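Given next are the chains, with one letter for each unit.
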Amino acid sequence: MDRDAVDLILEQWNKERPDLDVNSMGILGRLNRASRLASLDIQKFMNRFGLEPWEFDVLATLRRSAAEAPLTPGRLASLTMIGSAAMTNRVDRLVNRGLVHRETNPDNRRQLLISLTPEGLALVDEVVEHHVENQQKMLQGLSKTERTQLADLLRKFLLTNNDGETS
């Protein structure tokens, strides 16, 4: 198997501190590097559509939650796993771009409702198709079985480390 930069780091630790089992360092180091590479690739990809990744995340969350739509800012924040203050800022920016609509809930005047505008819906529907293709391209070095194994292992890792939120 080919070697990566983390292999060198592990070799160095094994040489200098053979008393330590640094296998966990290799796994977490690779997770960190993979996350950075994926984030950079997604950032470049989204920029082609004039979007920031967080903008796509909010638009995609509204799109995939169409059965619940419109969403309260609190529910939207929960589904995107960010704080309510950050969500307020994000919604304001997307309203200014004409991609989402914010209105007062007619059944509860103290509550706001967020939904996609027709422009936001058209944009997210266009981008999501290309986004899925881009993600598949990023994973092309893995077989279907390896992708399933990786997804299962990452799920187990996340659940073991208290990231089982499904709200």
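Procedures and definitions
- Residues numbered from 1 in each chain as written.
- Predicted model: local features only at pLDDT ≥ 70, side-chain atom pairs only at ≥ 80, totals over all residues.
- Heavy atoms only, no water.
- Helix = DSSP H or I, 4+ residues; strand = E, 2+ residues; numbered from the N terminus.
- Rg over C-alpha atoms; globule rule 2.2 N^0.38 Å.
- Buried < 20%, exposed > 50% of the residue type's maximum accessible area, 1.4 Å probe, protein only.
- Contact = heavy atoms within 4.5 Å.
- Areas by Shrake-Rupley, 256 points an atom, 1.4 Å probe, with all protein chains shown as cover.
- Lys, Arg positive; Asp, Glu negative; His and termini not counted.
- Charge placed at Lys NZ, Arg CZ, Asp CG, Glu CD.
- Core = buried A, V, L, I, M, F, W, Y, C linked by side-chain atoms within 4.5 Å.
- Salt bridge = Lys/Arg side-chain N within 4 Å of Asp/Glu carboxyl O.
- Domains from an automatic or database assignment.
- Axes fitted to C-alpha atoms, helices over the stretch in contact; angles between N-to-C directions.
- Parallel < 35°, antiparallel > 145°, perpendicular 65-115°, else oblique.
- Left-handed = near helix turned anticlockwise from the far one by under 90°.
- Nonpolar A, V, L, I, M, F, W, Y, C, P; charged D, E, K, R; others polar.

Participant: Mind showing me how you'd approach the overall build of the protein chain here?
Facilitator: Counting its secondary structure elements, the protein chain contains seven helices and two strands. For 167 residues, the compact-globule formula gives about 15 Å, and the C-alpha radius of gyration of the protein chain, at 20 Å, lies well above that figure. With respect to the principal axes defined by its C-alpha atoms, the protein chain has extents near 65 × 30 × 25 Å. Within the protein chain, the fraction of its 167 residues that count as buried is 23%. Of all intrachain contacts in the protein chain linking residues separated by at least 6 positions in sequence, the fraction that spans at least 24 positions is 47%. Summed over its atoms, the accessible surface of the protein chain is roughly 11600 Å², and 53% of this surface lies on carbon and sulfur atoms. A gap of 2 Å separates the mean positions of the 22 positive and 24 negative side-chain charges of the protein chain.

Participant: Looking at this model, I keep getting lost on the nonpolar core. Mind explaining?
Facilitator: As a rule of thumb, nonpolar side chains are buried together in soluble globular proteins. Leu51, Leu59, Leu76 and Val127 are the most contacted members of the largest nonpolar core, which has 23 residues in total. Looking at this core, the elements with two or more residues in it are helix H2 (23–47), helix H3 (53–64), helix H4 (73–80), helix H5 (84–96) and helix H6 (118–138). In terms of residues, this core owes the most to one element, H3, which gives six residues. Discounting chain neighbours no more than four positions away, the residues touching leucine 51 are Met46, Phe56, Leu59, Arg97, Leu99, Leu123 and Val127.

Participant: Explain the pattern of salt bridges to me, please; I cannot follow it from the model alone.
Facilitator: When their charged atoms lie close together, side chains carrying opposite charge are able to pair. Evaluated as defined, the whole model comprises nine salt bridges. For glutamate 55, the salt bridge is made with arginine 97, and the minimal N-O distance between the two is 2.9 Å. Of this pair, glutamate 55 sits in helix H3 while arginine 97 sits in the loop between H5 and strand E1 (100–105), and the two are 42 residues apart along the sequence. On the basis of relative accessibility, which here comes to 6%, the residue glutamate 55 falls in the buried class. Linked through salt bridges whose partners overlap, the residues forming this network are Asp4, Asp7 and Arg30.

Participant: Explain unusual backbone geometry to me, please; I cannot follow it from the model alone.
Facilitator: Leave glycine aside and you will find that most residues have negative phi; peptide bonds, for their part, are mostly trans. Residue alanine 69 is joined to proline 70 through a cis peptide bond whose omega torsion reads -5°. Take proline 70: it is sitting in the loop between H3 and H4. The phi angle at methionine 81 is positive, at roughly 60°, despite the residue not being glycine. Along the polypeptide, methionine 81 turns up in the loop between H4 and H5. Since its relative accessible area comes to 60%, methionine 81 is described here as exposed.

Participant: Help me out: how do you make sense of the domain arrangement of the protein chain in this one?
Facilitator: Often, the extent of an interface is quoted as the loss of accessible area on bringing the components together. We note that the domain assignment places domain 1 (1–48) and domain 2 (53–124) within the protein chain. Computed from C-alpha atoms alone, the centre-to-centre distance between domain 1 and domain 2 is 35 Å.

Participant: Sorry, what's going on with the packing of helix H1 (residues 5–16) against H2 here?
Facilitator: Each pair of packed helices can be described by the angle between their axes along with the distance between the axes. Axis separation between H1 and H2 bottoms out at 10 Å; the angle between their running directions is 150°. On the basis of the axis angle, H1 is roughly antiparallel to H2. Taken as a pair, H1 and H2 cross one another with a handedness that is right-handed. In this structure, H1 uses Ala5, Val6, Asp7, Ile9, Leu10 and Trp13 to contact H2, whose residues at the interface are Met25, Gly26, Gly29, Arg30 and Arg33. Classifying every residue of the contact of H1 with H2 by side-chain character gives six nonpolar, two polar and three charged.

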